[in-house]
Amino acid sequence: MPRLSEVIAALENLWPAERAESWDAVGTVVGDPDQEVTRVLFAVDPVQEIVDEAVKLGADLLVTHHPLYLRGTTTVAATHFKGRVVHTLIKNDIALHVAHTNADTADPGVSDALAGALDLRVTGPLVPDPTDTEGRRGLGRVCALDPPLTVREFAARAAERLPATAQGIRVAGDPEALLRTVAVSGGSGDSLFDHVRAAGVDAFLTADLRHHPVAEFTAAVAAHSPLALLDAAHWATEWPWCELAASQLDEISDRHGWDLRVHVSKTVTDPWTAHAASTTSDPLGAPN
């Protein structure tokens, strides 16, 4: 069986920490480099529910996309929910490793997995990494949609192919507009609007879209070429990466003869739990 240090070295080769954003907190959070690893669990969020799943599974290593302590801390006391996570991990000899923005820009990375889940053909990064001479790494992906679909049809595909959440898929734009090219970005994507506009795509699917940025963006593009926005749940756009990452570690394990048992959590950690659809008969009229 490999030691944790060997598995972490393989993961760092996939998602080098130096490629993370300067504000990010990636890498190993908990774990003894000399402990043996036999079972690994991948998940989006390092929350108690996922850690309890790792304990029940008998995992030695938990790999998550989101950091546990993004802004640092002065305590890991179990009186706080993040401290309880740390205590549970240590008590059960489970290591925690985080790949966040370094997995976003990887080749393949988070947005490649999202594009794959939506049956899109990736043609290149939305925001290329200037250090990548091959032009494959970077934030987001620009994709071709073969054959073309309407916005309504593509939204239905996203709702069907991505993990189910209370939010579903929200759309800004003409539902009957035909889409041939789509940009995607797992996680929060409204900071990429300028790059989306420059890419000349017909639609952009991402998460966490806010009222004012969307209103300003749609108004700005309306006079030129209408561009649809599709807003999915943050967790749902990043979960496909867990399956991609697990398959990558599986391949590494086979190559090294490690015989790791690699699992992907299907536990929904999206914080939204219910959705009530609007029932007003006049969609243009505001309630009194």
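Because the structure is predicted, anything quoted here is derived from the model rather than measured.

Undergrad: Give a detailed account of the pattern of salt bridges, specifying residues and quantitative values.
TA: Using the criterion set out here, one finds 10 salt bridges in the structure. Residue Asp-107 pairs with Arg-136 through a salt bridge whose shortest N-O separation is 2.7 Å. Of this pair, Asp-107 sits in the loop between α4 (101-104) and α5 (110-117) while Arg-136 sits in the loop between β5 (121-128) and β6 (138-150), placing them 29 residues apart in sequence. Take Asp-107: its relative accessible area is 34%, and that puts it in the partly exposed class. Residues Asp-231 and Arg-170 are paired through a salt bridge, measuring 2.5 Å at the closest nitrogen-oxygen approach. Residue Asp-231 is located in strand β10 (residues 228-232), and its partner Arg-170 is located in strand β7 (residues 170-172); the two are separated by 61 residues in the primary sequence. Exposure remark for Arg-170: the relative accessible area of 46% places this residue in the partly exposed category. Because the salt bridges share partners, they merge into one network encompassing Asp-129, Asp-132 and Arg-137.

Undergrad: I'd like to hear about the packing of aromatic side chains, residue by residue, with values.
TA: The geometry of an aromatic ring pair is captured by the separation of the ring centres together with the interplanar angle, meaning the angle of the planes. Evaluated as defined, the whole model comprises 4 aromatic pairs. Considering the side-chain rings of Phe-42 and Trp-241, the 6.3 Å spacing of their centres and the 80° angle between planes classify their relative orientation as edge-to-face. On the criterion of sequence distance, the pair formed by Phe-42 in strand β2 (residues 39-43) and Trp-241 in helix α9 (residues 234-256) is long-range, its members being 199 residues apart. Each of the two residues, Phe-42 as well as Trp-241, counts as buried. Cluster of aromatic residues (ring-pair linked, three or more members): Trp-15, Phe-42 and Trp-241.

Conventions and cut-offs
Residues numbered from 1 in each chain as written. Predicted model: local features only at pLDDT ≥ 70, side-chain atom pairs only at ≥ 80, totals over all residues. Heavy atoms only, no water. Salt bridge = Lys/Arg side-chain N within 4 Å of Asp/Glu carboxyl O. Helix = DSSP H or I, 4+ residues; strand = E, 2+ residues; numbered from the N terminus. Buried < 20%, exposed > 50% of the residue type's maximum accessible area, 1.4 Å probe, protein only. Phe/Tyr/Trp six-rings, centres within 6.5 Å; stacked < 30°, edge-to-face > 60°.

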